[in-house]
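# Remarks on the overall topology
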There are 2 protein chains.
Amino acid sequence: MTEKDDFHLQDFLPYLLNQASEESSLTFQQVYKNRYGMLRTEWRVLFHLGMYQPITASDIVIRAKIHKTKISRAVQKLVDRRFVRRERRPDDRRQELLSLTPAGETAYRDLREVARQYDAQLMAKFTTGEGALLRMMLRRLAGFEES
Amino acid sequence: MTEKDDFHLQDFLPYLLNQASEESSLTFQQVYKNRYGMLRTEWRVLFHLGMYQPITASDIVIRAKIHKTKISRAVQKLVDRRFVRRERRPDDRRQELLSLTPAGETAYRDLREVARQYDAQLMAKFTTGEGALLRMMLRRLAGFEES
DNA sequence: TGGTAATGGTTGATTTTGTAACTAACAACC
DNA sequence: GGTTGTTAGTTACAAAATCAACCATTACCA
């Protein structure tokens, strides 16, 4: 007979991570969606620019591990909405440097503040030590650090 | 002046969770995709049936927090491929009870074993105590437990 | 009983994503 | 200089997700 197995879907790490990820992004999603009409990829591009500008689309592809077509379309939309400015490099005319417009800067600062507060709210579920450990473990799972 | 801020995207919990989630689901995805041509929602439905059958589509909606149209289409595909059987309830003819066919059972057991091994492989990155704590924290973030 | 609301599930239209093929610019090598 | 190969980014088409409207059935209730 096939013994009743001790597997539990809710403990399967990829499933659990996905559920936690979805659940914990809901509140933030409401904000960037309602306030700026952005999609997930778009706020990410915005944030990457806010943190590292000026950078190219390829840089974002590498850092965020998002497919280049998604980035391409997100950048296009952000440019259309005057959040982002693109500028072709003179020395290598294939690449274009992306940077935030003043409106983009404003949106970024606003959302960054929301993110910071929301993160604090989520982390309040844990002790400081637990939270630090959680981030460390997630970084390792995400491949952000080798070890 | 606007002080250079201490915000780091890579530490923002929803972002970090999403990256960890995506990264850690890649390997398993290859298996259910290549071996059974399934999509994410489909293996999840399969697993829910494997664990809790017989249940209705609505039950899965509630448990897995997946939209009902996604479930509806996933179930349809699984039925088409003879992994799942549907049976209208006599007492409430709106509902239909879903259960696995023998082929579905086989696929489920196979994938469950893959999942178990893969989970162990992921958890090997941590000590036993860390792993247990991680799961507990993720469960809390996912809303699997109230507290 | 009859009318209205709620539930389980499906379908169609639109939006978003994924995959591959493509253009343009540069690099490397002969 | 002229192939050949790479890289940056876009576009076209197919696959999938989202959203709203939709049946069919059951529940509620005057």
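Keep in mind that what you see is a predicted model, and the values were worked out from it rather than measured.

Cut-off values and rules
Every chain begins its residue count from 1, and numbering advances along the sequence as written. Chain labels run from A onward and ligand labels from 1 onward, assigned in the order the entries are written. Local features in this predicted model are restricted to residues of pLDDT 70 or higher, and side-chain atom pairs are both shown and tallied only at a pLDDT of 80 or more, whereas totals for entire chains, interfaces and linings draw on every residue. The basis for every side-chain value is the complete set of heavy atoms in the structure, and neither hydrogens nor water enter the calculation. The copies are overlaid by a least-squares fit using only the C-alpha atoms of residues whose pLDDT is at least 70 in both copies. Two strands pair if DSSP finds at least two bridges between them. Each helix is a run of DSSP H or I of at least 4 residues and each strand a run of E of at least 2, with the numbering of both proceeding from the N terminus. In what follows, a contact means two residues having at least one pair of non-hydrogen atoms within 4.5 Å. Geometry is summarised by axes, namely lines fitted to C-alpha atoms with helices restricted to the contacting stretch, and by angles between N-to-C directions that run from 0 to 180 degrees. UniProt positions are given in the numbering used here, feature names are shortened, and annotations may be inferred rather than shown by experiment. By nonpolar core we mean a set of buried residues, namely Ala, Val, Leu, Ile, Met, Phe, Trp, Tyr and Cys, connected to one another through side-chain atoms within 4.5 Å. Each residue is assigned to one of three classes by its accessible area relative to the maximum for its type, calculated with a 1.4 Å probe on protein chains only: buried under 20%, partly exposed between the two thresholds, exposed over 50%.

With that out of the way, let us pick up the relation of the copies chain A and chain B. Rotating chain A by 180 degrees about the axis while translating it 0.0 Å along that axis superimposes it on chain B, leaving an RMSD of 0.1 Å. On the angle and the small slide along the axis, the relation comes out as a two-fold axis.

With that settled, consider the sheet that holds strand β2 (residues 84–88) of chain B. Residue and element names in this part refer to chain B. With respect to topology, three strands assemble into an open sheet ordered β1-β3-β2, the strand pairing being antiparallel. Unpaired on one side and paired on the other, β1 (55–56) and β2 mark the two borders of the sheet. Pairing of β1 with strand β3 (residues 96–100), which is carried by two bridges, proceeds in the antiparallel orientation. Bridged to Thr56 within β3 is Leu97. Lying over the sheet, helix α2 (residues 40–52) contacts β1, β2 and β3, oriented at roughly 90 degrees with respect to β3.

Mapped onto the present numbering, the UniProt feature "domain: HTH marR-type" (unreviewed entry) falls on residues 10–143 of chain A. With 71% helix and 9% strand, residues 10–143 of chain A has its two end C-alpha atoms placed 23 Å apart.

The biggest cluster of nonpolar side chains holds 91 residues, and the ones touching the most others in it are A:Phe47 and B:Phe47. Counting residues per element, this core draws most heavily on helix α1 (residues 13–36) of chain B, at nine residues. Contact partners of A:Phe47, with chain neighbours within four places excluded, come to A:Phe28, A:Tyr108, A:Leu111, A:Arg112, A:Ala115, B:Phe7 and B:Leu9.

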